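Secondary and tertiary structure notes
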Amino acid sequence: MKTYDPHKSATELRQASSRKMNSRVLAMSLIGVVIALVVIYIIYSIAMPAA
């Protein structure tokens, strides 16, 4: 395996960027929460009797 950084081993080069993964998890969690809130709002608005 070619290493572009002489101070890193082959195992270290295979590791993913932790900052990128953290932002991906944060974005997916935020999207999941927004979708859940929209679904709950739709269910409650359908269940409410018309005034």
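Report on the accompanying structure. These numbers were taken from a predicted model, which means no experiment stands behind them.

**Focus on the overall build of the protein**
Looking only at helices and strands, one finds 2 helices and 0 strands in the protein. A total of 51 residues make up the protein; the buried ones form 0% of that total. Just so you have it, the protein exposes about 5,100 Å², and 68% of that area is on carbon and sulfur atoms.

**Points about a nonpolar patch on the surface**
A grouping of L30, V34, V38, Y41, I42 and I46 is seen on the molecular surface, where their side chains present a nonpolar patch of about 640 Å² in accessible area. Mapped onto the elements, V34 comes out in helix α2 (residues 18-47). Judged by relative accessible area, which is 44%, V34 ranks as partly exposed.

Cut-offs used in this document
- Residues numbered from 1 in each chain as written.
- Predicted model: local features only at pLDDT ≥ 70, side-chain atom pairs only at ≥ 80, totals over all residues.
- Heavy atoms only, no water.
- Helix = DSSP H or I, 4+ residues; strand = E, 2+ residues; numbered from the N terminus.
- Buried < 20%, exposed > 50% of the residue type's maximum accessible area, 1.4 Å probe, protein only.
- Areas by Shrake-Rupley, 256 points an atom, 1.4 Å probe, with all protein chains shown as cover.
- Patch = residues over 30% accessible without salt bridge, like charges linked within 9 Å, V, L, I, M, F, W, Y side chains within 5 Å.
- Salt bridge = Lys/Arg side-chain N within 4 Å of Asp/Glu carboxyl O.

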